[in-house]
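A look at the structure
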Amino acid sequence: MGNDGGSIPDRRDLVKTKAKTEQADKANQVRARWFFCALSKRLLQEPVVSCDLGKLYNKDAIIEYLLDKSAYGDGEEICGHVRSLKDVKTLKLTARSTPTTSTDLPPTEIPQFVCPLNLKEMNGLQPFVYVRPCGCVFSQSGLRALLGPNPPNRELSSGEGNNGDSAHKQELDVCPQCATKFSQTSDVVTINPSKDEEQRMRVAMDLRRSREPVKSKTKKRKAGTDAVVEEAATVLKKKKSTSARHSLSPAPGLNPTISAASRALTNSLAVEESKRKANMSDAVKSLYRGKNEPPRKETFTTMGTFTRYA
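The sections below set out a description of the structure shown in this document. (Residues numbered from 1 in each chain as written. Predicted model: local features only at pLDDT ≥ 70, side-chain atom pairs only at ≥ 80, totals over all residues. Heavy atoms only, no water.)

Digging into the nonpolar core
- Core analysis: the largest hydrophobic core is formed by 38 residues, its most contacted members being Leu39, Tyr57, Cys79, Met122, Val137 and Ile191.
- Those elements giving two or more residues to this core turn out to be helix H2 (26–35), strand E1 (48–50), strand E2 (56–58), helix H3 (59–67), helix H4 (75–79), strand E6 (128–131) and strand E7 (137–139).
- Of all the elements, E6 adds the most residues to this core, at four residues.
- Discounting chain neighbours no more than four positions away, the residues touching Ile191 are Trp34, Gly54, Leu56, Met122, Phe128, Val129, Tyr130 and Val137. (Core = buried A, V, L, I, M, F, W, Y, C linked by side-chain atoms within 4.5 Å. Buried < 20%, exposed > 50% of the residue type's maximum accessible area, 1.4 Å probe, protein only. Helix = DSSP H or I, 4+ residues; strand = E, 2+ residues; numbered from the N terminus. Contact = heavy atoms within 4.5 Å.)

What to know about the layout of surface pockets
- In this structure, the second largest pocket occupies an estimated 540 Å³ of space.
- Along the wall of the second largest pocket there are 18 residues; nearest its centre are Arg33, Ala38, Lys55, Asn192 and Glu198.
- Secondary-structure elements contributing two or more residues to the lining of the second largest pocket are H2, H4 and helix H6 (195–210).
- By residue class, the composition of the lining of the second largest pocket is eight nonpolar, three polar and seven charged. (1 Å grid on protein atoms, 1.4 Å probe; cavity = no way out; pocket = protein on both sides within 12 Å on 5 of 7 lines; lining within 4 Å. Points joined across faces, edges and corners; volume = space filled by probe spheres on them. Nonpolar A, V, L, I, M, F, W, Y, C, P; charged D, E, K, R; others polar.)

Let's talk about the pattern of salt bridges
- Within this structure, the stated rule accounts for 10 salt bridges.
- The partner of Asp87 in a salt bridge is Arg83, with the nearest N and O atoms 3.0 Å apart.
- Taking relative accessible area as the criterion, Asp87 reaches 11% and is therefore assigned buried.
- For Arg83, a relative accessible area of 46% puts it in the partly exposed group.
- A single network of salt bridges, built from pairs that share partners, joins Asp52, Arg132, Asp187 and Arg208. (Salt bridge = Lys/Arg side-chain N within 4 Å of Asp/Glu carboxyl O.)

Topic: the side chain of His81
- Tracing the chain through its elements places His81 in the loop between H4 and strand E3 (89–90).
- In this view, His81 contacts Cys51, Leu53, Tyr57, Asp87, Met205 and Arg209; residues no more than four positions away in its chain are not counted.

Observations regarding the sheet that holds strand E10 (residues 188–190)
- Taken together, three strands build an open sheet; the order of strands is E7-E6-E10 and the sheet is antiparallel. Where the open sheet ends on each side, the last strands, each with one partner, are E7 and E10. Sheet twist, expressed as the average angle between the axes of neighbouring strands with direction ignored, equals 35°. (Pairing = 2+ DSSP bridges. Axes fitted to C-alpha atoms, helices over the stretch in contact; angles between N-to-C directions.)

Some points on the sheet that holds E2
- Reading across the sheet, the three strands line up as E2-E1-E3 and stay open at both edges, with antiparallel pairing between neighbours. Strands at the two margins of the open sheet, each flanked by one partner only, are E2 and E3.
- Two strands pair when backbone bridges link them, and E1 and E3 are joined in this way by two bridges, in the antiparallel orientation. The partner of Ser50 across the bridge, within E3, is Lys89.
- In the packing of H3 onto the sheet, the strands contacted are E1, E2 and E3, and the crossing angle to E2 comes to about 80°.

A look at the environment of Tyr57
- Secondary-structure assignment places Tyr57 in strand E2.
- Along the chain, Tyr57 and Ser40 lie 17 residues apart, while their C-alpha atoms are 7.9 Å from each other.

Considering unusual backbone geometry
- Put simply, Glu46 and Pro47 share a cis peptide bond, and its omega is 5°.
- For Leu119, which is not glycine, the phi dihedral falls at a positive 60°.
- Take Leu119: it is sitting in the loop between strand E5 (113–114) and E6.
- Judged by its relative accessible area of 62%, Leu119 is exposed.

Some thoughts on the state of the cysteines
- Evaluation of the coordinates by the stated rule reveals zero disulfides.
- The thiol sulfur of Cys79 is not disulfide-bonded, and the nearest other cysteine sulfur, from Cys51, lies at 7.9 Å.
- Cys79 gets classed as buried once you look at its relative accessible area, which sits at 0%.
- Take Cys136: it sits in no disulfide, and the sulfur closest to it among the cysteines is that of Cys134, at 3.6 Å.
- A relative accessible area of 0% means that Cys136 is categorised as buried. (Disulfide = S-S within 2.5 Å.)

Laid out in structure tokens, this is it:
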């Protein structure tokens, strides 16, 4: 079986097998979502903000994106739903106070934030949520342990009773960190959700935005522009009317004393010009051409000399 040198070929050397598709490292993906900004891909640094889909961003990166949409190549794909700073919420994160047990880990692999209720690390292994009205961040297990499970009939905004007269009010909870009231069903946003949950959150976001009242600033601006156009039209009409009046009005008469003086001055200048021309020599007169004389081809520099163009 051997070739020269006594080498024995194996099956993998003789048979070509289909190459396996490369799979991304899930640990690196989780670390990238929880430790780095989703837009700038830089390490998360306070102030940290989050959108309605639960993605984490550095606030300076969001501001750069809103000022220049082309600052990041995939900005429209990642945070195209962010229209202004009103669409993101600044998070109140609890920094890690206890040092890590192993000091060999790089800073990019050490969780920076923890849950203030049970001190669980915000490393992607435990689901975390934030409260939309205040921005406080907790682990999902810690918030449920403190407030209890979410009842299915908790969200009751305005429901009619059997007789149509009684209305149920929505029960609100209190944030355990800042005592802000919130609804456990509509004001708790999951941070870095799964793809299916992110799709449901996107549908809820679109539905909530469709219910927003239309801003009246556009109407005010339109009214202001109409007023400016009308004012400009009136000014143009006034200018046209004044110009028509000036054109139809007769020219004012001249003062006889002023006209006599101007005529005398014109006559005196004509007499002086005739005297000056009478005293000119023939050489100087040859430089000038009379009104009735044909135009000359030669210039004053070639006058009186031989030139082939004369």
